[in-house]
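Descriptive analysis of the structure
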Amino acid sequence: MLRDITLGQYYSTDSVIHRLDPRVKLMGTLCYIISLFCVKNPLGYALCALFLCIVIALSKVPVKFMIRGLKAIILLLLIAGFFNLFFTPGDPIWQWKKISISKQGIYMASTMVLRLALLIMGSSIMTLTTTPNYLTDGLEKGLGFLKVIKVPVHEIAMMMSIALRFIPILLEETDKIMKAQMARGADFESKNIIKKAKALVPLLVPLFVSAFRRANDLALAMEARCYRGGEGRTKMKPLKYKKSDAFAYIIIFAYLALCIFLGRMLFS
Amino acid sequence: MSIILDHLCHTYEAGTTLKSEALKDISLKIDDGEFIGLIGHTGSGKSTLVQHLNGLLKPTSGNIYYNGADINDSDYDIKSLRKEVGLVFQYPEHQLFETDVFSDVCFGPKNMGFDKKEVELTAYSALETVGIDHDLFYVSPFDLSGGQKRRVAIAGVLAMKPKVLILDEPTAGLDPAGRDEILGLVRKLHKENGITVILVSHSMEDVANNVGRIIVMERGGIFMDGTPTDIFARSDELETIGLAAPEVTYIMRALKKKGLDVNTFATTIDEAVPSILSALKARKC
């Protein structure tokens with residue numbers, strides 16, 4: 001029952017996008033999000049969608065996985081679409097009592113939904129093609145300049161990777177404790193909301209205890225290996241930019257510039 | 001009164017690329033009052049098998065009958081099954097959650113719908129059975145030692161008065177004294193209360209000293225099924241799947257090779273000692 005949950009889903013395959021340096025992908029995602037908020041006309045949206053399609057095709061990740069990411073926010077999409085459709089003032093095309101749909105409303109609703117969908121798919125490309133470890137490595141290296149103003153970048157990255165590492169372990173643990181309590185007659189499938197909340201106590205208490213126990217063990221193990229933060233620490237596989245990374249940067253920045261230019265030109 | 005497994009199969013993550021066949025065509029009959037040892041390597045399907053016996057996992061195909069009724073019928077009362085077939089998980093102390101020992105043990109019988117008096121009575125007698133002192137009844141379960149915690153967790157299952165008790169690796173991570181305590185407790189439950197016991201383990205010594213029947217599992221199937229003497233006589237086959245007979249059996253064979261006429265089918269120290277003594281006596285004459 002809990003096996004269905006996927007978080008930080010990585011799709012393992014070999015593609016141009018997978019091989020890119022995580023810093024490039026982080027920067028690329030950021031640029032893509034900025035570009036989505038720069039464009040203000042159909043041509044711009046077409047460009048954004050086209051860019052995403054090319055990246056998806058290059059990444060070799062099945063489109064099914066992208067759609068799965070959208071399923072999680074389907075309610076958000078519907079609400080955003082609904083409110084923009086009915087509550088945007090403008091020239092009404094269709095009217096029934098006080099409810100009306102305007103031309104501007106249709107445009108606003110469709111662009112809003114499209115923008116959100118592209119946003120989610122664009123950022124899921126990053127998690128789908130980068131392992132969590134590489135992602136935190138990329139963050140650590142990419143944000144290294146913040147060390148100058150005393151931001152503990154290494155520690156934050158370490159916490160992130162530990163947190164990600166613990167997700168599957170805790171899911172498994174939850175499954176185990178749930179079964180153990182069900183063997184003692186606990187009922188997790190009750191429809192009654194109060195009973196349901198009460199049923200969580202025998203699940204959550206052991207889960208917290210186990211999380212603390214594991215955290216304690218891990219801290220001890222790190223201490224025993226003389227872990228003392230990022231200072232002077234070297235990496236087994238240090239991140240290095242390749243030619244393809246430079247090329248990817250050029251494409252990303254060219255794309256961003258084009259988007260900004262399109263947005264400016266048609267609105268000036 | 002028995003448990004019958006009929007061509008049971010279980011596949012995890014069926015229909016995906018990650019699918020793995022945990023159980024392949026298992027057929028078994030477990031009679032009332034049996035004491036069974038279930039042995040196998042990590043990943044041989046032992047834990048998956050026992051989770052089917054109280055309906056926590058549903059078979060991919062095949063049927064399980066408890067006292068003649070199919071437990072996966074839609075109108076089968078699964079709660080009553082979980083009362084009758086008690087399952088103690090690996091590291092059961094990880095499931096403790098209440099503020100004191102006594103209320104934790106009360107959790108099971110309370111779920112079973114016993115009235116308040118009966119809940120307290122069964123909890124009390126379960127704690128007595130596992131040998132927890134009265135002055136520990138109202139301390140936090142998290143303040144107990146490892147062995148005590150485990151006994152409290154076992155009491156939590158015993159309080160439901162099961163007719164069949166399944167223990168998944170009950171001695172894992174305990175010191176020898178703790179291990180003997182738990183095994184002695186299980187033996188007592190089987191002998192005095194007549195409970196059917198299924199002991200899942202990979203320690204041959206634990207199993208050989210206690211059970212009347214051994215089921216060896218390998219890669220989701222049943223590899224051997226018989227009495228300890230039968231099973232350990234085929235130690236060569238056991239070795240091919242990475243298991244072994246108890247140390248005692250090997251010692252007896254070595255003695256025989258050296259010319260001492262001992263019983264090589266002995267699987268426990270209690271059986272071996274008189275055999276060695278009489279062989280020595282015979283040689284002196």
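Residues numbered from 1 in each chain as written. Chains lettered and ligands numbered in written order. Predicted model: local features only at pLDDT ≥ 70, side-chain atom pairs only at ≥ 80, totals over all residues. Heavy atoms only, no water.

**Overview of the overall build of chain A**
The helix and strand tally for chain A stands at 11 helices and 2 strands. Scanning chain A from its N terminus toward the C terminus, one meets helices and strands in the order α-α-α-α-α-β-β-α-α-α-α-α-α. Relative to its length of 268 residues, chain A is extended, with a C-alpha radius of gyration of 24 Å against a globular reference of 18 Å. Each of the 268 residues in chain A was classed as buried or not, and the buried ones make up 37%. (Helix = DSSP H or I, 4+ residues; strand = E, 2+ residues; numbered from the N terminus. Rg over C-alpha atoms; globule rule 2.2 N^0.38 Å. Buried < 20%, exposed > 50% of the residue type's maximum accessible area, 1.4 Å probe, protein only.)

**Some thoughts on helix α5 (residues 146-158) of chain B**
All names here are of chain B. When the terminal C-alpha atoms of α5 are compared, their 18 Å separation across 13 residues agrees well with the 18 Å that a helix rising 1.5 Å per residue should span. Most of α5 is tucked away: 10 of the 13 residues are buried. Among the residues making up α5, those that are buried are G147, R150, R151, V152, A153, I154, A155, G156, V157 and L158. Of the surrounding elements, those touching the buried residues of α5 are β6 (85-88), α3 (101-111), α4 (116-129), β7 (164-168) and α6 (176-193). (Expected span 1.5 Å × (residues − 1). Contact = heavy atoms within 4.5 Å.)

**Considering the confidence of the model for chain B**
Residues and elements named next belong to chain B. For chain B, the mean per-residue pLDDT works out to 87, and 98% of the residues sit at or above 70. Per-element confidence in chain B is highest for β7, whose mean pLDDT is 93, and lowest for helix α7 (residues 204-208), whose mean pLDDT is 81. On the interface metric, ipTM, the complex scores 0.85, and its pTM is 0.75. (pLDDT = per-residue confidence, 0-100.)

**A few points about empty space enclosed by the protein**
If you roll a probe as big as a water molecule over the atoms, it shows you where there is empty space left. Throughout the structure, instances matching the rule amount to 3 cavities of 30 Å³ or more. There is about 70 Å³ of room inside the largest cavity. Lining the largest cavity we find E173, K176, I177 and A180 of chain A together with F89, Q90, Y91, P92, H94 and Q95 of chain B. In terms of residue class, the lining of the largest cavity is built from 5 nonpolar, 3 polar and 2 charged. Looking at the second largest cavity, its volume works out to about 50 Å³. (1 Å grid on protein atoms, 1.4 Å probe; cavity = no way out; pocket = protein on both sides within 12 Å on 5 of 7 lines; lining within 4 Å. Points joined across faces, edges and corners; volume = space filled by probe spheres on them. Nonpolar A, V, L, I, M, F, W, Y, C, P; charged D, E, K, R; others polar.)

**Observations regarding the sheet that holds β7 of chain B**
All names here are of chain B. Taken in spatial order, the 6 strands make up an open sheet running β6-β7-β8-β3-β9-β10, and their pairing is mixed. Both outer strands of the open sheet, β6 and β10 (221-226), are each paired with one neighbouring strand and no more. Strand-to-strand twist across the sheet, computed as the mean angle between neighbouring axes with direction ignored, equals 15 degrees. Across 5 bridges, strand β3 (residues 35-40) lies against strand β8 (residues 196-201) in parallel orientation. Residue I36 lies in a different strand from β8, and its bridge partner there is I198. Taken strand by strand, helix α1 (residues 46-53) contacts β3, β6, β7, β8 and β9 (213-218), and its axis lies near 140 degrees from that of β3. (Pairing = 2+ DSSP bridges. Axes fitted to C-alpha atoms, helices over the stretch in contact; angles between N-to-C directions.)

**Points about the domain arrangement of chain A**
Taken domain by domain, chain A comprises domain 1 (1-130 + 240-268) and domain 2 (149-233). Between the C-alpha centres of domain 1 of chain A and domain 2 of chain A the distance comes to 33 Å. (Domains from an automatic or database assignment.)

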